[in-house]
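Analysis of the macromolecular model
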Amino acid sequence: MEEGFQIPNYKEFNDYYAAANTPLRSKNHEFNVLRFCDLGEALVPRMGPFSITYFQVAIGSDLKAAVGVFDIREEIEEYTMVIYLPGQILSWEKTGNWDGYVVNFKESFLNLESMPQQMNSFGFLHSVQPLVVPLSKKEYKLLSQFFELMLQEQEELEEENLLVIRNLLQVMIVYINRIVSKVKSDGRFIALQYQRIATKFKGLVLDHFLQDRSVAFYATVLEISPAYLSEAVKKVFKTTPKNIINEVTYLHAKTLLSSTDMGIKALAWKLSFDDYSHFVKFFKKMSGLTPAAFRKTLKKEG
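Residues numbered from 1 in each chain as written. Predicted model: local features only at pLDDT ≥ 70, side-chain atom pairs only at ≥ 80, totals over all residues. Heavy atoms only, no water.

Things to note about the overall build of the protein chain
Of regular secondary structure, the protein chain possesses 11 helices and eight strands. Here the protein chain, with 302 residues, has 50% of them falling under the buried criterion. (Helix = DSSP H or I, 4+ residues; strand = E, 2+ residues; numbered from the N terminus. Buried < 20%, exposed > 50% of the residue type's maximum accessible area, 1.4 Å probe, protein only.)

Some thoughts on the nonpolar core
Counting residues in hydrophobic clusters, the biggest one holds 65 residues, and the most contacted among them are W92, F201, L229 and F279. Looking at which element gives the most residues to this core, the answer is helix 8 (residues 241–259), with eight residues. Excluding residues within four positions of it along the chain, F279 makes contact with A253, I264, L267, A268, L271, F273 and P291. The next biggest cluster of nonpolar side chains, apart from the first, holds 33 residues, and it includes F31, F105, V133 and M172. (Core = buried A, V, L, I, M, F, W, Y, C linked by side-chain atoms within 4.5 Å. Contact = heavy atoms within 4.5 Å.)

Observations regarding the packing of aromatic side chains
Two descriptors summarise a pair of aromatic rings, namely the distance from one centre to the other and the angle between the planes of the rings. Tallied over the full model, the rule gives 19 aromatic pairs. With centroids separated by 5.2 Å and ring planes inclined at 25°, the aromatic side chains of Y101 and F147 adopt a geometry described as stacked. Of the two residues, Y101 sits in strand 7 (residues 90–105) while F147 sits in helix 3 (residues 137–154), which places them 46 residues apart along the sequence. Each member of the pair, Y101 as well as F147, is classed as buried. (Phe/Tyr/Trp six-rings, centres within 6.5 Å; stacked < 30°, edge-to-face > 60°.)

Focus on the packing of helix 3 against helix 4 (residues 159–181)
In a pair of packed helices, the angle between the axes and the distance between the axes together describe the arrangement. Packing of helix 3 against helix 4 brings their axes to within 9 Å, and their N-to-C directions diverge by 165°. Between helix 3 and helix 4, the angle falls in the class roughly antiparallel. For the pair helix 3 and helix 4, the crossing hand works out as left-handed. For the pair helix 3 and helix 4, contact is made by E139, L142, L143, F146, F147, L149, M150, E153 and Q154 and by N161, V164, I165, L168, L169, V171, M172, Y175, I176 and I179, respectively. The residue makeup of the contact of helix 3 with helix 4, split by class, is 15 nonpolar, two polar and two charged. (Axes fitted to C-alpha atoms, helices over the stretch in contact; angles between N-to-C directions. Parallel < 35°, antiparallel > 145°, perpendicular 65-115°, else oblique. Left-handed = near helix turned anticlockwise from the far one by under 90°. Nonpolar A, V, L, I, M, F, W, Y, C, P; charged D, E, K, R; others polar.)

Below, the structure written as structure tokens:
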């Protein structure tokens, strides 16, 4: 690929559907649910790297594909859930039959402020790491019932239908959180305010890390002090705000190094490093290798 390569960023469902060459189009710009069987025969065999500004949750009883999040690629076959989050660099390749469902939704549609008591159940929606989760047949059957009900309501899309869909989606996400975490509570209480701040912070980092990587910037946007932001992030994610900012930057750097032929100086500039040596030092600190050495290991492995 040439150095001017740009990773597409799909802000609207229909732009993504058009790029995938599927006949489906959404009648609502904040929510859309579909069955894989509705994608059509002309669906492109692969897409990526790309990013989206909304959430995408897919479940399949038969889902033969290679899915990628940042530089991590995973082969999947059946009874799997894949969750794509805003700001991640994504890819997928269809390697066989697909049977299941996909829902796309924007954070504004969820209206999470209406259910603050459930904030702990929505934290995974702001994860940085890939979310490819195996499902049991029982879990798949349960989730598929939510998808079928949302598909029925989507046929009309009047105000009442949208209200029902939102409620179904909110409840389904609570169930998904149980599946994703599969970790029993240890009884510790995390203040809901900490949870809100920490998850909002992660979302902001994914949106703005190219513009600003200072903890003070995000604290200002959230209208809190850097110390309070650090306390919230430590309580919820057991790390520091700076570590999260660095992790997001590093994951994007690895993905660009592995998925493009972009020169390292151009790549450093694209990632908003004002100095080439600063980028090399940052990457080596994160991975133990210089960007050039990392790229060489990929060629050897390939």
